[in-house]
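Spelled out from the first residue to the last, the chains are:
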Amino acid sequence: MTNQPRPPADVPPAPELFTWEFATDPYPAYAWLREHAPVHRTELPSGVEAWLVTRYADAKAALADQRLSKNPAHHDEPAHARGKTGIPGERKAELMTHLLNIDPPDHTRLRRLVSKAFTPRRVAEFAPRVQELTDHLLDRFADRGEADLIHDFAFPLPIYAICDLLGVPREDQDDFRDWAGMMIRHGGGPRGGVARSVKKMRGYLLELIHRKRAELPARPAPGEDLISGLIRASDHGEHLTENEAAAMAFILLFAGFETTVNLIGNGAYALLTHPEQRARLQRSLTEDGGGPSLLETGIEELLRYDGPVELATWRYATEPLRLGDQDIAPGDPVLVVLAAADRDPARFTDPDVLDLSRRDNQHLGYGHGIHYCLGAPLARLEGRTALAALLTRLPDLRLAADPAELRWRGGLIMRGLRTLPVQFTPERSGT
């Protein structure tokens, strides 16, 4: 990579990135980068060098630029093989052919196969199940007066929801919860734990695909699960290989659960630390009002203000290109910093202020372009359902720890709390 110019002498020194202090509050560092080094070359904790893109306009352009490939073959193969880029263990587990690692035309073909599971109509049909799961999880701790909202609520909800959507039998879903828990716990530490969980998931998914193929009825039933749909497509001319089917199921699980864990966790934390905004939302949930619901605009604002995905997943330049004021060489990794772009004052008024009624809110929380998050409608549904239930059933919900004592999971792509201890007046039995 080429050297980039040093900031003028009167500019404050560049902040240190990827420390535990940075993980707690990265936004001041991102503000410095936006102003002084909007496309910034840095060495990541893994030792890989990459460009960080922090301004909204540059970020949006990069997310849609087809010269930035998702295929790791355009980077240093040994780096990916050693697990320094991408998802740990995906190469060894032969799970590379998923939507986060491929470009058109393969990306177009595979995305088309699963997109029907996330249409507004299909997501609306799934809403009662999400509400049922939400109520069931709340029932487990509502009479205790205290809980860890990550472990007891934000984490299990999307795991069970995506397992239902994929068609993982209920009796096997706790195994998926354990494997997903390993990914969360080791997301910022030793990557071997994640790789082991990935390997176990692949073995299970291949077995489940075999079992479902053997039992597949001649005609699809209404609301057929997604794995059965992938099998049916591959058996009817879509040329979906067994590894592709397993990789697709895997990435929907992997990408689908942690983003929603963080949406619920970060969203609840933001509301608990902004009592006026939280009170507005609680009032709106108990009143009939005209116009767009404050819950709907509020979810978008929570995604913008402190969203679940801090950096978009890896991209690699396939030819020389210019981003902002920097020349990017072929093979260079590019990481779009969604969290920085969504606080860009050139795009958002008062970007560091949480305003649940914000209307001009074209945030990049779920990406942009052909790789826009496929599961975003489901994640929004889960986020709205979860936060509405928390605020109505536990109206005096409050933090049970000093915010300064809370720890954020170290990691490159996702942003989320390790724990979120809360207290509340216990629900009486029968309420």
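Everything here concerns the structure above.
About the criteria used
- Residues numbered from 1 in each chain as written.
- Predicted model: local features only at pLDDT ≥ 70, side-chain atom pairs only at ≥ 80, totals over all residues.
- Heavy atoms only, no water.
- Helix = DSSP H or I, 4+ residues; strand = E, 2+ residues; numbered from the N terminus.
- Expected span 1.5 Å × (residues − 1).
- Buried < 20%, exposed > 50% of the residue type's maximum accessible area, 1.4 Å probe, protein only.
- Contact = heavy atoms within 4.5 Å.
- Polar contact = N/O pair within 3.5 Å; in protein donor to acceptor, adjacent residues only side chain to side chain.
- Pairing = 2+ DSSP bridges.
- Phe/Tyr/Trp six-rings, centres within 6.5 Å; stacked < 30°, edge-to-face > 60°.
- Lys NZ or Arg CZ within 6 Å of the ring centre and 35° of its normal.

### Details of helix α14 (residues 294-306)
Given a rise of 1.5 Å per residue, 13 residues ought to cover 18 Å, and the 18 Å separating the end C-alpha atoms of α14 matches this to within 8%. The buried fraction of α14 amounts to 12 of the 13 residues, a majority that puts the element mostly inside the structure. In this fold, the buried residues of α14 make contact with α2 (27-36), α12 (242-272), α13 (275-286) and α16 (376-393). Looking at where α14 begins, the residue whose side-chain oxygen comes 3.0 Å from the main-chain nitrogen of L295 is S293.

### Some details on the pairing of strand β8 (residues 333-336)
Side-chain positions along a regular strand alternate between the two faces of the sheet. Burial along β8 is two-sided: the face carrying P333 and L335 and the face carrying V334 and V336 are both buried. As paired strands, strand β2 (residues 49-53) and β8 are joined by three bridges and run parallel to one another. By the bridge assignment for β8, W51 is matched with V334. For strand β5 (residues 315-317) and β8, the ladder comprises two bridges, and the chain directions are antiparallel. Across the sheet, Y316 pairs through a bridge with P333, a residue of β8.

### Re unusual backbone geometry
Even without being a glycine, F18 presents a positive backbone phi close to 65°. Among the residues examined, F18 registers a relative accessible area of 23% and is labelled partly exposed.

### Quick look at the packing of aromatic side chains
Think of a pair of aromatic rings as described by two things: how far the centres are apart, and how the planes are tilted against each other in angle. Summed over all chains, the structure comprises 12 aromatic pairs. Ring geometry for Y27 and Y30: centres 6.5 Å apart, planes at 80°, overall edge-to-face. With Y27 and Y30 both in helix α2, this residue pair falls three residues apart, about one helical turn. Using a relative accessible area of 9% as the deciding quantity, one classes Y27 as buried. Classification of Y30 as buried rests on a relative accessible area of 2%. On the basis of an interplanar angle of 80° and a centroid distance of 5.1 Å, the ring pair of F176 and Y204 is categorised as edge-to-face. Note that F176 is positioned in helix α9 (residues 173-185) and Y204 in helix α10 (residues 192-215), a separation of 28 residues in sequence. Just as F176 is buried, Y204 falls in that class too. Among the aromatic side chains, those forming a connected cluster through ring pairs are F18, F22, Y27 and Y30. Between the NZ or CZ atom of R304 and the centre of the ring of F348, over which it lies, the distance is 5.5 Å.

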